[in-house]
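What follows is each chain in one-letter form.
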Amino acid sequence: MINILFGNGLRFIAFILMQVLVINNLGLSFYINPYLYPFLLMMLPFTIPHWLLIVIGFFTGLTVDAFCNTMGMHAAACTFMTAMRPIVLRFLTPKGSYESLDQPRVQSLGYGWFIAYTGTLTLLHHFFYFYIEVFSMDNFFLTFAKTLASAIVSTVLIFLTALIFAPGKSRG
């Protein structure tokens, strides 16, 4: 139990620092703002209580907000994403369900499922974040283009991170 908490604590620190010190400073373009840190929330165990998932999501977002001076926007987006996670999991339930699995992993659930899962949650996170950032529907399509472009790049980044840090056989 201590090893699990220690490992997740190190992962949390590494991902937050990677996000705020490296990824946020890439300056790719106006339309592309990738976020890797939601991957932390996506990889939490299937069995975690929903209330705890939402609390962890809120404090993860609040930590990023503290570094980025975004006044709660990341906290709101992460809270929304973690609230939607059980719905996404129900929608994407594989044939054998999640009973024998501890947490979402590429090697245990396959590339297709993993991309659908992370892509959906990333899109939900980004949609909420970018629309709360502009807090207007005046430039709906411009914001939607930014959301879509950022979500695609973030999903690719999350997928590559999952492959790098958890290599193994996939179900395909």
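To be clear, the structure that these remarks concern was listed above.
Analysis parameters
Residues numbered from 1 in each chain as written. Predicted model: local features only at pLDDT ≥ 70, side-chain atom pairs only at ≥ 80, totals over all residues. Heavy atoms only, no water. Axes fitted to C-alpha atoms, helices over the stretch in contact; angles between N-to-C directions. Helix = DSSP H or I, 4+ residues; strand = E, 2+ residues; numbered from the N terminus. Left-handed = near helix turned anticlockwise from the far one by under 90°. Contact = heavy atoms within 4.5 Å. Nonpolar A, V, L, I, M, F, W, Y, C, P; charged D, E, K, R; others polar. 1 Å grid on protein atoms, 1.4 Å probe; cavity = no way out; pocket = protein on both sides within 12 Å on 5 of 7 lines; lining within 4 Å. Points joined across faces, edges and corners; volume = space filled by probe spheres on them.

A. A look at the packing of helix α4 (residues 73-91) against helix α6 (residues 111-134). The contact between α4 and α6 brings their axes to 9 Å, and the two run at 145°. As for how α4 packs across α6, the hand of that crossing is right-handed. Contacts between α4 and α6 involve Met73, His74, Ala76, Ala77, Cys78, Phe80, Met81, Met84, Arg85, Val88 and Leu89 from the former and Trp113, Tyr117, Thr120, Leu121, Leu124, His125, Phe128, Tyr129, Ile132 and Glu133 from the latter. The residue inventory of the contact of α4 with α6, partitioned by class, reads 16 nonpolar, three polar and two charged.

B. The arrangement of the layout of surface pockets in detail. Its boundaries defined by the atoms lining it, the largest pocket holds a volume of some 540 Å³. Counting only elements with at least two residues in the lining of the largest pocket, the list comes to α1 (2-22), α2 (38-42) and α3 (50-68). At five residues, α1 tops the list of elements feeding residues into the lining of the largest pocket. Residue classes in the lining of the largest pocket are distributed as 14 nonpolar, four polar and three charged. Space inside the second largest pocket adds up to approximately 390 Å³. Taken together, 20 residues form the lining of the second largest pocket, with Phe15, Phe39, Thr161, Ala162 and Phe165 sitting closest to its centre. Looking at the lining of the second largest pocket, the elements that each hand over two or more residues are α1, α5 (106-109) and α7 (140-165). Top element by residues in the lining of the second largest pocket is α7. It accounts for six residues.

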